[in-house]
Amino acid sequence: MSYTKQQLQKETLRLFEKLKNVNWSQEDCSLIAHMTLEINELKKEQNAIILAHSYQTPDIMYGVADFIGDSYGLSKIAAEHDAEKIVFCSVHFMGETAKILSPKKKVLVPDVAGCSLAESITAEDVRELKRKYPNVPIVTYINTSAEVKAESDVCCTSSNALKIIESFDEDKIIFIPDRLMGENLQKRTEKKLIFWHGTCIVHEKFDKKAIEDIRTKYVGVKILAHYECTSSVTDSVDLVGSTADMLNYVKKNPADNYMLITECGITDRVKTEFPDKNIVGTCQLCPFMKQINLGQILMALKNPNKKQIINIPNDILQRAKKSLDKMMELSK
Ligand code: 13P
Ligand code: SF4
């Protein structure tokens, strides 16, 4: 598609208004303006929405996304929105989750991006756990494949995991696959949790020393960490939660300085949406989340290849749906 000079200039300024907060120049914005214009036009024509996880790059979040959020918030939108098509900008399991929750919609992912947690466990591993611990309920973190969800009793995300665990009468629960998140949850529940050995390669990198240094340097700093971090990190922070919990905390708290112990996308969101707040310390990049780009989104809308279209065998989809529907029900 071709655009007039005025259309491109207008789009460049719209992008710059947001992206200047994360150090994009007007020239940088002018280089992507034709793509964001085309993506936004195709979305309307096709009755499609773009969902972007908060770890996506700012050009995606502020240039083309209709909704930006955490895995729970975006799953809810996928289940409830009346669009015919969803383009899910995130790792693959989130696209799969959208398809499971809304099987009649066409769900596309710009790229097949993995996740160290999702890759740490297979459906056969879960069946083996069931044989080893009969009658122990299985609570499965959403960062898993459809096949693993299909073997589970209920799913959870970092924003509702504790509530879901507490909803069971049993005093023993299998929590898979994130061992570090499991250890954080174990400190907050009386129930005995049985873990798997998965970890997030992004969040496990943070260490306690960096937090201590920041606390000494910035008096009054608020330090927020994701549930996927080690408990040596989460023990010394002001909030442990999901990405949405962190953003909410920043929104409501009067402090000036924040350290965000999570992926850099959240830092980009705070800089863009709360430019008066100051971010200190370093964040980490998720190589999987950062695989997605505007070119692939355009291709998914114009002429998707087989890998971009989410298809799940019906039997797996129906069984995984039960675990996700139960999560939605228990999260109300
Ligand atoms: P949220 O549910 O907090 O968005 O986390 C998803 C994720 O992949 C964190 O690494
Ligand atoms: Fe997976 Fe960690 Fe990346 Fe989240 S940040 S998608 S858990 S690898």
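An unreviewed UniProt entry lists the protein chain under the name Quinolinate synthase. Recorded in UniProt for the protein chain, the comment headed Cofactor (unreviewed entry) runs: "[4Fe-4S] cluster". Its UniProt record gives the protein chain a comment under Pathway (unreviewed entry), which states: "Cofactor biosynthesis; NAD(+) biosynthesis; quinolinate from iminoaspartate: step 1/1."

For ligand 2, the full set of nearby residues is Tyr55, Val91, Cys115, Ser116, Leu117, Asn143, Cys200, Val202, Glu228, Cys286, Phe288 and Met289. Taken together, the residues of the shell around ligand 2 sort by class into nine nonpolar, two polar and one charged.

Below, the discussion takes up the pattern of salt bridges. A full pass over the atoms with the stated rule returns 20 salt bridges. Linking Glu80 and Lys76 is a salt bridge whose minimum nitrogen-to-oxygen distance equals 3.5 Å. Here Glu80 pairs with Lys76, and both are found in helix 4 (residues 71-80), just four residues apart, close to one helical turn. Take Glu80: its relative accessible area is 58%, and that puts it in the exposed class. For Lys76, a relative accessible area of 33% translates into the label partly exposed. In this structure, Arg179 and Glu183 form a salt bridge, with 3.2 Å as the shortest nitrogen-oxygen distance. Pair noted here: Arg179 and Glu183 are both in helix 9 (residues 179-186), with a separation of four residues, about one helical turn. According to the relative accessible area criterion, Arg179 is partly exposed, its value standing at 32%.

Both strand 7 (residues 172-176) and strand 8 (residues 192-195) contribute to a ladder of four bridges, which runs parallel. Across the sheet, Phe175 pairs through a bridge with Phe195, a residue of strand 8.

This paragraph deals with the state of the cysteines. Enumeration over the complete set of coordinates arrives at one disulfide. Between the sulfur of Cys264 and that of Cys283 lies a disulfide, 2.2 Å long from S to S. Taking the sign of the torsion about the S-S bond as the criterion, the disulfide between Cys264 and Cys283, at about 105 degrees, is right-handed. In this pair, Cys264 is assigned in helix 13 (residues 264-273) and Cys283 in the loop between strand 12 (278-279) and helix 14 (294-302), connecting sequence segments 19 residues apart.

It is the contact of helix 4 with helix 15 (residues 314-331), at a shortest axis distance of 12 Å, that shows an interaxial angle of 105 degrees. Our classification of the angle between helix 4 and helix 15 gives roughly perpendicular. Of the residues in helix 15, those in contact with Tyr72, Ser75 and Lys76 of helix 4 are Met327, Met328 and Ser331. Of the residues contributing to the contact of helix 4 with helix 15, the split by class is three nonpolar, two polar and one charged.

Moving on to the site of ligand 1. The environment of ligand 1 is formed by His53, Tyr55, Asp70, Ser71, Asn143, Ser158, His203, His226, Glu228, Ser242 and Thr243. Within the side chain of Glu228, a nitrogen or oxygen atom sits 2.8 Å from an oxygen atom of ligand 1. With respect to ligand 1, the backbone of Thr243 contributes an N or O atom lying 2.9 Å from an oxygen atom. Against a free-state accessible area of 300 Å², the protein chains account for coverage of 96% of ligand 1. Of the residues that constitute the shell around ligand 1, the class distribution is one nonpolar, eight polar and two charged.

Parameters at a glance
Residues numbered from 1 in each chain as written. Chains lettered and ligands numbered in written order. Predicted model: local features only at pLDDT ≥ 70, side-chain atom pairs only at ≥ 80, totals over all residues. Heavy atoms only, no water. UniProt positions renumbered as here; feature names shortened; annotations may be inferred. Near = heavy atom within 4 Å. Nonpolar A, V, L, I, M, F, W, Y, C, P; charged D, E, K, R; others polar. Salt bridge = Lys/Arg side-chain N within 4 Å of Asp/Glu carboxyl O. Helix = DSSP H or I, 4+ residues; strand = E, 2+ residues; numbered from the N terminus. Buried < 20%, exposed > 50% of the residue type's maximum accessible area, 1.4 Å probe, protein only. Pairing = 2+ DSSP bridges. Disulfide = S-S within 2.5 Å. Axes fitted to C-alpha atoms, helices over the stretch in contact; angles between N-to-C directions. Parallel < 35°, antiparallel > 145°, perpendicular 65-115°, else oblique. Contact = heavy atoms within 4.5 Å. Polar contact = N/O pair within 3.5 Å; in protein donor to acceptor, adjacent residues only side chain to side chain. Areas by Shrake-Rupley, 256 points an atom, 1.4 Å probe, with all protein chains shown as cover.

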